[in-house]
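# Observations on the model geometry
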Amino acid sequence: MRRQTKGLHALYAKDPVDADRKLWGRQVDPVSRRGFLTGSSLLAMSAVLGASIPFARFMPGGLIPAALAQSDEAFEIEGKEGLRVLNDRPINAETPAHLLDDDITPARYMFVRNNGLPPERAEIDPATWTLEITGESCQNPTTFTIAELKERFSEHTYQLQVECGGNGRSEYVPAASGNQWTTGAVACPTFTGVRLRDVLEACGIADDAVYIGYYGADRHASGAADKEAISRGVPMEKALEDESLIAWAMNGEDIPYQNGYPLRLVCGGWPGSVSGKWLKQIAVRNQKHDGAKMAPPSYSVPANPVAPGTEVAKEDFVTIQSMPVKSLITYPRSGIEHAQGQPMEVRGHAWAGDLSVSEVHTSIDFGATWQKASLNDAPNRLAWQRFTTQVEFPEPGYYEVWARAVDENGQSQPMVVPGWNPKGYLNNACHRIAVQVG
Ligand SMILES: Nc1nc2c(c(=O)[nH]1)N[C@H]1C(S)=C(S)[C@@H](COP(=O)(O)O)O[C@H]1N2
Ligand SMILES: [Mo]
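Residues numbered from 1 in each chain as written. Chains lettered and ligands numbered in written order. Predicted model: local features only at pLDDT ≥ 70, side-chain atom pairs only at ≥ 80, totals over all residues. Heavy atoms only, no water.

### Thoughts on the overall build of the chain
Within the chain one finds 7 helices and 26 strands. Within the span of the chain, comprising 438 residues, buried residues form 53% of the whole. Contacts in the chain between residues at least 24 apart in sequence constitute 73% of all its contacts with a sequence separation of at least 6. Total accessible area on the chain stands at roughly 19000 Å², and carbon and sulfur atoms take up 50% of it. (Helix = DSSP H or I, 4+ residues; strand = E, 2+ residues; numbered from the N terminus. Buried < 20%, exposed > 50% of the residue type's maximum accessible area, 1.4 Å probe, protein only. Contact = heavy atoms within 4.5 Å. Areas by Shrake-Rupley, 256 points an atom, 1.4 Å probe, with all protein chains shown as cover.)

### Digging into the site of ligand 1
Not every one of the 19 residues close to ligand 1 is listed here, only the nearest: Phe 111, Asn 115, Asp 218, Arg 264 and Lys 277. Lys 277 places a polar side-chain atom, nitrogen or oxygen, 2.5 Å from an oxygen atom of ligand 1. With the chains in place, 100% of the 530 Å² that ligand 1 exposes on its own is no longer accessible. Residue composition of the shell around ligand 1, by class: 8 nonpolar, 7 polar and 4 charged. (Near = heavy atom within 4 Å. Polar contact = N/O pair within 3.5 Å; in protein donor to acceptor, adjacent residues only side chain to side chain. Nonpolar A, V, L, I, M, F, W, Y, C, P; charged D, E, K, R; others polar.)

### A few points about the pairing of strand β10 (residues 211–216)
Summarising burial for β10: 5 of the 6 residues are buried, a large majority. With 3 bridges joining them, β10 and strand β11 (residues 233–235) adopt antiparallel strand pairing. Across the sheet, Tyr 211 pairs through a bridge with Pro 235, a residue of β11. One ladder, built from 6 bridges, connects β10 with strand β15 (residues 279–285); its direction is antiparallel. Bridge pairing in β15 places Gly 216 opposite Leu 279. (Pairing = 2+ DSSP bridges.)

### Considerations on the sheet that holds strand β24 (residues 385–391)
Taken together, 4 strands build an open sheet; the order of strands is β18-β20-β24-β23 and the sheet is antiparallel. Strands with a single pairing partner mark the edges of an open sheet, and in this sheet they are β18 (326–331) and β23 (374–375). Inspection of the sheet shows strand β20 (residues 344–351) paired to β24 by 7 bridges, in the antiparallel sense. Residue Glu 345 lies in a different strand from β24, and its bridge partner there is Gln 390.

### A word on the nonpolar core
Core analysis: the largest hydrophobic core is formed by 40 residues, its most contacted members being Ile 133, Leu 149, Ile 212, Ile 246, Leu 263, Leu 265 and Ile 282. At the level of elements, β4 (130–134), α5 (146–152), α6 (196–202), β10, α7 (236–239), β12 (245–250) and β15 are the ones that each hand at least two residues to this core. (Core = buried A, V, L, I, M, F, W, Y, C linked by side-chain atoms within 4.5 Å.)

### Describing unusual backbone geometry
Note that the residue after Arg 89, namely Pro 90, is joined by a cis bond; omega there is 0°. Note on placement: Pro 90 falls in the loop between β1 (84–88) and β2 (91–94). Tyr 331 connects to Pro 332 through a cis peptide bond whose omega is 0°. Looking at where Pro 332 falls in the secondary structure, it is placed in the loop between β18 and β19 (336–338). Unlike most non-glycine residues, Leu 382 shows phi in positive territory, near 70°. Mapped onto the elements of the fold, Leu 382 is located in the loop between β23 and β24. Of note in the backbone geometry, Leu 426 takes a positive phi value of approximately 65° without being a glycine. Turning to its location among the elements, Leu 426 is positioned in the loop between β25 (397–407) and β26 (431–437). Exposure remark for Leu 426: the relative accessible area of 22% places this residue in the partly exposed category.

### Looking at the packing of aromatic side chains
Counting across every chain of the model gives 6 aromatic pairs. Arg 347 extends its terminal NZ or CZ atom over the ring of Tyr 331, reaching a point 4.2 Å from the ring centre. (Phe/Tyr/Trp six-rings, centres within 6.5 Å; stacked < 30°, edge-to-face > 60°. Lys NZ or Arg CZ within 6 Å of the ring centre and 35° of its normal.)

### Some details on the side chain of Ser 327
Its location among the elements puts Ser 327 in strand β18. A distance of 2.6 Å separates a polar atom in the side chain of Ser 327 from a polar atom in the side chain of Gln 413. In contact with Ser 327, not counting residues within four places along its chain, are His 349, Ala 350, Trp 351, Phe 387, Ala 403, Arg 404, Ala 405, Gln 413 and His 431.

### Some remarks on the pairing of β4
Pairing geometry for β4 and strand β5 (residues 142–145), over 4 bridges, is antiparallel. Bridge pairing links Ile 133 to Thr 142 in β5. Here 3 bridges tie β4 to β15, and the two strands are oriented parallel to one another. If you follow Thr 134 over to β15, its bridge partner there is Ala 283.

### Quick notes on the pattern of salt bridges
Counted according to the given criterion, the structure contains 17 salt bridges. Glu 163 is the partner of Lys 326 in a salt bridge, and the nearest nitrogen-oxygen pair spans 2.8 Å. Taken as a pair, Lys 326 in strand β18 and Glu 163 in strand β7 (residues 162–163) lie far apart in primary sequence, 163 residues in all. One exposure class covers both Lys 326 and Glu 163, and it is buried. Here the salt bridges do not stand alone but share partners, grouping Asp 101, Asp 103, Glu 345, Arg 347 and Arg 386 into one network. (Salt bridge = Lys/Arg side-chain N within 4 Å of Asp/Glu carboxyl O.)

Given below as structure tokens:
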């Protein structure tokens, strides 16, 4: 927001076609979109423009004022760094693999996956924010402030992996619609909050409870007031696990705005979509939650494998639960040059939904042979595990390093893209990096 203000004349683009492309193109131009990306209020935006906006009521949600679109400033998301933006309406941005090298993902590198329009940043006040526990299977519906949650329940911190169900979607053929995530819709920061179980139990869980569903403060992308952007949930069993949190902090600090400030649900190991951001309400349900994006094909895959491109009937889908085993090489960065004769350190993370990872292997010969990497235990359940190894290249040339993890049940990552599905979920194919040895 610390831009030089421009006069009103700057609102009018010199080249309307070009301005149009910049304003509406899904492709990201090197323009400033800070005004919107920080979720600034209309007032704040007027301040940036140096003028009021008489026709503000006609401005489509997410429109970038041309005055800002004309700037050459790089695309920025408040509190984020180095992310690759896949979509800016709504914001979806992933993390390049080499920026995920930390054991605990720094807040600035956690990906952003928005289904709708986040609440205005300026309108979020953690002091007055409330969370309502409700639903037909909640015996004593109660509303809590964040201070009350902190006061009444004990605090817990866990490192939790959150991966979007669509991570890896870009590799499916035929292409699945949706954000074309490559490998970067995953993160594993620490979250601090109270156990969902403690809060639900304090409100009385009826015997017929089977599911919880969340509601957030974001709005549907169309701006429609009567439609949720997303409202998903998990079966009671998952909700009541020790690690299922109602969190107000990430890595010991406020949760970043785009990641759900000031309060979010975190159910690690399941598709990120069950971890509701800007959390306002949790319903304890006597049936499978039926909120937005609970019905197939959202976050669902065919119950049985199908040929690529097949149309699948709604009743033949199952809702994704625990995510499959996967790994990511975070060092070195793909495309590096490496000196012949020197061993090269390779490291990364592996995770397996609700399960732990038992082994990680790497290959430098396109999967012909594999060597076992050393693998750390997770600091707690549902956190990813660090693997490290050293590889040596026999002669100069082009190599790829591949990594393959195996979960505690012996399930291995596939070397190629696994079962095609209509929405492109659950691609856990081996990650690979390119190395030029010379
Ligand atoms: N309220 C709300 N919660 C949400 C979403 C959303 O759009 N709105 N997106 C979900 C999806 S699909 C994912 S993958 C995760 C992503 O979390 P992040 O944006 O903090 O990385 O949040 C989930 N929770
Ligand atoms: Mo997601």
